[in-house]
Amino acid sequence: EFEVQIASTGKCYVIPAGRTVVEALGEQGIEIPVSCEQGICGTCITRVLGGTPDHRDTYFSDAERDRNDQFTPCCSRAKMDRLVLDI
Ligand code: FES
């Protein structure tokens, strides 16, 4: 599991293993628009302000992934304890 911090409120939310960021935040009333939920379409792309995403999409190029400044929360996770999202 890891934590996601929402930049606009400063609040942190635990993302358990086996739940996506979209699912876990949705349960807390934070809705991120999704479509494919498989890392293909790019609908859910969210800016990352801190931490390193564990990219599991097939949407970004390798160069885009390496910048670590955005990710697809429908399927991607975190390589560190915490991600800070620009929401
Ligand atoms: Fe399609 Fe996340 S909803 S990439």
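Given the structure is predicted, the values throughout are model-derived calculations rather than measurements.

Observations regarding the overall build of the protein
Okay, step 1: Of regular secondary structure, the protein possesses two helices and seven strands.
Okay, step 2: Order of helices (α) and strands (β) in the protein, N terminus to C terminus: β-β-α-β-β-α-β-β-β.
Okay, step 3: By the compact-globule yardstick of 12 Å for 87 residues, the protein fits well, its C-alpha radius of gyration being 12 Å.
Okay, step 4: Principal-axis analysis of the C-alpha atoms gives the protein an extent of 30 × 25 × 25 Å.
Okay, step 5: In the protein, which comprises 87 residues, the proportion classed as buried is 43%.

Topic: the nonpolar core
Okay, step 1: Among the nonpolar cores identified, the biggest contains 19 residues, and Phe2, Val4, Val21, Leu25, Leu83 and Leu85 are the most heavily contacted of them.
Okay, step 2: Elements that contribute at least two residues to this core include exactly strand 1 (2-6), strand 2 (12-15), helix 1 (21-26) and strand 7 (82-85).
Okay, step 3: No other element matches the four residues that helix 1 contributes to this core.
Okay, step 4: In this structure, Leu85 is in contact with Val4, Gln5, Ile6, Ala7, Val21, Leu25, Thr46, Arg47, Val48, Leu49 and Phe71, ignoring residues within four places of it in sequence.

A look at the packing of aromatic side chains
Okay, step 1: Under the criterion given, the structure shown has one aromatic pair.
Okay, step 2: Plain terms: the ring middles of Tyr59 and Phe60 are 5.6 Å apart, the flat faces sit at 80° to each other, and that makes the pair edge-to-face.

Some words on the pairing of strand 1
Okay, step 1: The buried fraction of strand 1 amounts to four of the five residues, a majority that puts the element mostly inside the structure.
Okay, step 2: Looking at chain direction, strand 1 and strand 2 are connected through four bridges and run antiparallel. If you follow Val4 over to strand 2, its bridge partner there is Tyr13.
Okay, step 3: What sits between strand 1 and strand 2 in their antiparallel hairpin is a turn of five residues, with Gly10 showing a positive phi close to 80°.
Okay, step 4: As paired strands, strand 1 and strand 7 are joined by four bridges and run parallel to one another.

A word on the side chain of Asp54
Okay, step 1: Within the secondary structure layout, Asp54 lies in strand 4 (residues 53-54).
Okay, step 2: In terms of polar contacts, Asp54 uses its side chain to reach the side chain of Arg56, at 2.8 Å.
Okay, step 3: If near-sequence neighbours (up to four positions away) are discounted, Asp54 is found in contact with Ser76, Arg77, Ala78 and Lys79.

Side note on the sheet that holds strand 1
Okay, step 1: The strand order across the open sheet formed by five strands is 2-1-7-3-5, and the pairing between neighbours is mixed. Strands at the two margins of the open sheet, each flanked by one partner only, are strand 2 and strand 5 (70-71).

The rules behind the values
- Residues numbered from 1 in each chain as written.
- Predicted model: local features only at pLDDT ≥ 70, side-chain atom pairs only at ≥ 80, totals over all residues.
- Heavy atoms only, no water.
- Helix = DSSP H or I, 4+ residues; strand = E, 2+ residues; numbered from the N terminus.
- Rg over C-alpha atoms; globule rule 2.2 N^0.38 Å.
- Buried < 20%, exposed > 50% of the residue type's maximum accessible area, 1.4 Å probe, protein only.
- Core = buried A, V, L, I, M, F, W, Y, C linked by side-chain atoms within 4.5 Å.
- Contact = heavy atoms within 4.5 Å.
- Phe/Tyr/Trp six-rings, centres within 6.5 Å; stacked < 30°, edge-to-face > 60°.
- Pairing = 2+ DSSP bridges.
- Polar contact = N/O pair within 3.5 Å; in protein donor to acceptor, adjacent residues only side chain to side chain.

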